Amino acid sequence: SFDSWPYSPATVKNTTYCFCHFDYPAPHFSDDVFLVARLWKTDGTDKGTSMIPAPALETLINQFGYVVSTIATDKLFYILVFNNSTNAYELWRSDGSGAGTYAVKTDISPYYNPVLTADGKTLFFTNYDYTNGYGLWQTDGTSAGTKFVPLPANSNPQNFYAFNGKLYFTAYDASYNTVLWVADPNAN
């Protein structure tokens, strides 16, 4: 529609997800147009284009935060959102349905910019916590399946390259030497 401004697209199989603005449906008391962001999906056809009902995500991005980035795995669309009210990043996922759109981690540190890398069905991301320092995490799209990848504390992972179901990256070892690592989610 007029001034929809689609942004942050990512494709899962044959479906593209993005956020689009549209005129807020509540009555206006001025001539100003008030636009809100909503999550959409499309297969490229008119019939295959629809809005995904996700009220909690919509409230977050339209009132308390903003979309930082998006990425897709083989099965899920992931959204990194910054929440101004909690001063933390949140990782959301969507399978294309309202019920399948929810947050998997809501306490990602604001002090480091999270890096998202997808490979196959796994999403890897960086995060800082007081136990592990700046380290690598992975998720399968569930809260229970979101966990720290066991590396030395403060390993500072960087230079991510996903290939053939594995994630290659550089990070510190226990002696603070920068070495090449590989994470294989299938082998734990």
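Located above this text is the structure these notes cover.
Each value, and the rule that gives it
- Residues numbered from 1 in each chain as written.
- Predicted model: local features only at pLDDT ≥ 70, side-chain atom pairs only at ≥ 80, totals over all residues.
- Heavy atoms only, no water.
- Pairing = 2+ DSSP bridges.
- Helix = DSSP H or I, 4+ residues; strand = E, 2+ residues; numbered from the N terminus.
- Axes fitted to C-alpha atoms, helices over the stretch in contact; angles between N-to-C directions.
- Contact = heavy atoms within 4.5 Å.
- Buried < 20%, exposed > 50% of the residue type's maximum accessible area, 1.4 Å probe, protein only.
- Arc of directions from axis to C-beta.
- Lys, Arg positive; Asp, Glu negative; His and termini not counted.
- Salt bridge = Lys/Arg side-chain N within 4 Å of Asp/Glu carboxyl O.
- Polar contact = N/O pair within 3.5 Å; in protein donor to acceptor, adjacent residues only side chain to side chain.

Here we take up the pairing of strand E15 (residues 178-183). In terms of strand pairing, strand E14 (residues 166-172) meets E15 through six bridges, oriented antiparallel. In the sheet register, Ala171 faces E15, and the bridge partner there is Val179.

Strands sit in the order E13-E14-E15 across an open sheet of three strands; the sheet is antiparallel. What marks the edges here is a single partner per strand, and that holds for strand E13 (158-163) and E15. Strand-to-strand twist across the sheet, computed as the mean angle between neighbouring axes with direction ignored, equals 20°. Sheet analysis places E13 next to E14, joined by four bridges and oriented antiparallel. Looking at E14, one finds that Gln158 is bridged to Thr170.

Here we have four strands laid out as an open sheet, ordered E5-E6-E7-E8, and antiparallel in their pairing. Both outer strands of the open sheet, strand E5 (65-72) and strand E8 (102-108), are each paired with one neighbouring strand and no more. When the angles between neighbouring strand axes are averaged without regard to direction, this sheet yields 20°. Pairing between E5 and strand E6 (residues 77-83): seven bridges, direction antiparallel. When the sheet's bridge partners are listed, Ser69 is paired in E6 with Leu80. Across the sheet, helix H1 (residues 55-64) lies against E5, E6 and strand E7 (88-94), angled at about 40° from E6, the strand it touches most.

Further remarks concern H1. When H1 is considered as a whole, its buried residues turn out to be Leu57, Glu58, Leu60 and Ile61. Considered in projection along H1, the buried side chains sweep an arc of 165° and stay on one side of the axis. Exposed positions of H1 whose direction lies more than 90 degrees from the buried face are Pro55, Ala56 and Gln63.

Before going further, it helps to spend a moment on unusual backbone geometry. A positive phi angle is found at Ser8, which is not glycine, with a value near 55°. A positive phi is found at Asn87, a non-glycine position, where the angle reads about 55°. Structurally, Asn87 can be placed in the loop between E6 and E7.

Below, the discussion takes up the side chain of Asp129. One can find Asp129 in strand E10 (residues 122-129). With no salt bridge to any partner, buried Asp129 finds its closest opposite charge in Lys105, at an N-O distance of 6.3 Å. Among the polar contacts made by the side chain of Asp129, one reaches the main-chain amide nitrogen of Asn132 at a distance of 2.6 Å.

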